[in-house]
Amino acid sequence: MAYFRPADLAQEHGISPQTVRNYERDGLLPPAERTPTGYRRYTERHAAALRAYRALVPAHGYAEGGTIMRAVTEGRLNDAMAAIDRSHAELLRDRGTLDAVAEVLAHLTKRSHDAWRAPRHTQPFSIGELAHRLKVSVATIRKWEEAGVLAPDRRPDTGHRTYDADDIRDAELAHFLRRGRYPLELIATVVQQIRAAGDTQALEAALDNWRQRVTARGLAMLNAASLLADYLSLKEP
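Residues numbered from 1 in each chain as written. Predicted model: local features only at pLDDT ≥ 70, side-chain atom pairs only at ≥ 80, totals over all residues. Heavy atoms only, no water.

Caption draft 1: Layout of the overall build of the protein. The number of helices and strands found in the protein is eleven helices and four strands. Scaling as 2.2 N^0.38, a compact globule of 237 residues should have a C-alpha radius of gyration of about 18 Å, whereas the protein reaches 26 Å, well beyond that. Its C-alpha atoms give the protein principal-axis dimensions of roughly 80 × 40 × 30 Å. Looking at the 237 residues of the protein, the share that counts as buried comes to 40%. Look at the contacts in the protein between residues 6 or more apart in sequence, and 62% of them connect residues 24 or more apart. (Helix = DSSP H or I, 4+ residues; strand = E, 2+ residues; numbered from the N terminus. Rg over C-alpha atoms; globule rule 2.2 N^0.38 Å. Buried < 20%, exposed > 50% of the residue type's maximum accessible area, 1.4 Å probe, protein only. Contact = heavy atoms within 4.5 Å.)

Put into structure tokens, the structure is as follows:
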């Protein structure tokens, strides 16, 4: 059987030998045998475990990747598979949200930019004035705020909500989408994305980047699954 030093395993991944030792200490690698003089002797199982863990991180994140690898190392395969399933479910939700936001964005781009962008106002609106402008109830405006669609400032002296031009734009967009029967949770996602991006054109670019990241994570999961399977095939009975 071939044996490896920490430096041998570290070299493949461009990390330090101490990092390899830390991984073993933290339960991310199986315990290594020691020579009579106390030096670690790693095997191909350890090399495979290290490859698997390093692949799990971009696929599942540091926290979940560590959870998966520790469970595998400790022989808790069902726990490891449950953690992997959670990540796959999260990725599926991300895909669903991305597709839904893209659908809404396509719907929005059919309207002219000025059709839903609020005009600039010199004075902020109160909640009553905003409700009157949209012809909805004050309770509806509050419900949108609770859902994360709106995030108005409050007057320091009275605590009353104030809605500036961007808030009014977001409210008008929400009102438009609600008439299209889109759920508030999705509307909040769209409004927050537009708020961060600045406009629908910028949001289109952001969505394209998001889609690429989701695809990259899915591919990383495939790679991690393959390397984890390689490690499991080398596990001692």
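Further notes follow.
Caption draft 2: Spotlight on the pattern of salt bridges. By the definition in use, this model includes 17 salt bridges. Of the charged contacts, one joins R51 and E12 as a salt bridge, the two residues approaching to 2.8 Å between their closest N and O atoms. Here R51, found in helix α3 (residues 44-60), pairs with E12, found in helix α1 (residues 6-13); they are 39 residues apart in sequence, far enough to count as distant. On the basis of relative accessibility, which here comes to 47%, the residue E12 falls in the partly exposed class. Here R154 makes a salt bridge to E145, at a shortest N to O gap of 4.0 Å. Judged by its relative accessible area of 46%, R154 is partly exposed. Connected via shared salt-bridge partners are E12, E44 and R51. (Salt bridge = Lys/Arg side-chain N within 4 Å of Asp/Glu carboxyl O.)

Caption draft 3: Here's a closer look at the confidence of the model for the protein. Residue-level pLDDT values for the protein average 87, and 92% of them are 70 or greater. Under a pLDDT of 50 for its full length, residues 112-116 has, in the predicted model, six contacts with residues more than four places off or in other chains. (pLDDT = per-residue confidence, 0-100.)

Caption draft 4: Quick look at the nonpolar core. Ranked by size, the top nonpolar core spans 65 residues in total, and within it M69, L130, I141, W144 and V149 carry the most contacts. Considering each element in turn, this core owes the most residues, ten residues, to α3. Residues in contact with V149, not counting those within four places in the same chain, are W144, D170, A174, L184, I187, A188, V191 and R195. (Core = buried A, V, L, I, M, F, W, Y, C linked by side-chain atoms within 4.5 Å.)

Caption draft 5: A look at a nonpolar patch on the surface. Together, L77, M81 and L232 make up an exposed nonpolar region whose accessible area comes to about 230 Å². In this structure, L232 sits in helix α11 (residues 200-234). Assessed through its relative accessible area of 31%, L232 is described here as partly exposed. (Patch = residues over 30% accessible without salt bridge, like charges linked within 9 Å, V, L, I, M, F, W, Y side chains within 5 Å. Areas by Shrake-Rupley, 256 points an atom, 1.4 Å probe, with all protein chains shown as cover.)

Caption draft 6: Quick peek at the packing of aromatic side chains. As enumerated under the stated definition, the model contains one aromatic pair in all. Ring centres of Y23 and Y53 lie 5.1 Å apart, and the angle between their planes is 75°; this geometry places the pair in the edge-to-face category. Placement of Y23 in helix α2 (residues 17-25) and of Y53 in helix α3 is noted, with a sequence separation of 30 residues between them. As far as burial versus exposure is concerned, Y23 and Y53 are alike and both buried. Between the NZ or CZ atom of R41 and the centre of the ring of Y3, over which it lies, the distance is 4.0 Å. (Phe/Tyr/Trp six-rings, centres within 6.5 Å; stacked < 30°, edge-to-face > 60°. Lys NZ or Arg CZ within 6 Å of the ring centre and 35° of its normal.)

Caption draft 7: A look at α11. Taking 1.5 Å of rise per residue, 35 residues should cover 51 Å, and α11 covers 51 Å from first to last C-alpha, within 8% of that figure. Taken together, the buried positions of α11 are occupied by T200, L203, L207, W210, V214, R217, G218, A220, M221, A224, L228 and Y231. (Expected span 1.5 Å × (residues − 1).)

Caption draft 8: Main features of the packing of α3 against α11. At a minimum axis distance of 8 Å, the contact between α3 and α11 shows a crossing angle of 160°. Overall, the two elements α3 and α11 adopt an arrangement that is roughly antiparallel. Every pair of crossing elements has a handedness; the one defined by α3 and α11 is left-handed. From α3, E44, R45, A48, A49, R51, A52, A55, L56, P58, A59 and H60 reach across to α11, where they touch R217, A220, M221, N223, A224, L227, L228, Y231 and L234. In the contact of α3 with α11, the residues fall into 14 nonpolar, two polar and four charged. (Axes fitted to C-alpha atoms, helices over the stretch in contact; angles between N-to-C directions. Parallel < 35°, antiparallel > 145°, perpendicular 65-115°, else oblique. Left-handed = near helix turned anticlockwise from the far one by under 90°. Nonpolar A, V, L, I, M, F, W, Y, C, P; charged D, E, K, R; others polar.)

Caption draft 9: Looking closely at the packing of helix α9 (residues 165-179) against helix α10 (residues 184-197). Their axes nearest at 10 Å, the elements α9 and α10 cross at an angle of 145°. In the packing of α9 onto α10, the handedness of the crossing is right-handed. Across the interface between the two elements, R169, D170, L173, A174, L177 and R178 of α9 pack against L184, I187, V190, V191, I194 and R195 of α10. Tallied by class, the residues present in the contact of α9 with α10 amount to eight nonpolar, no polar and four charged.

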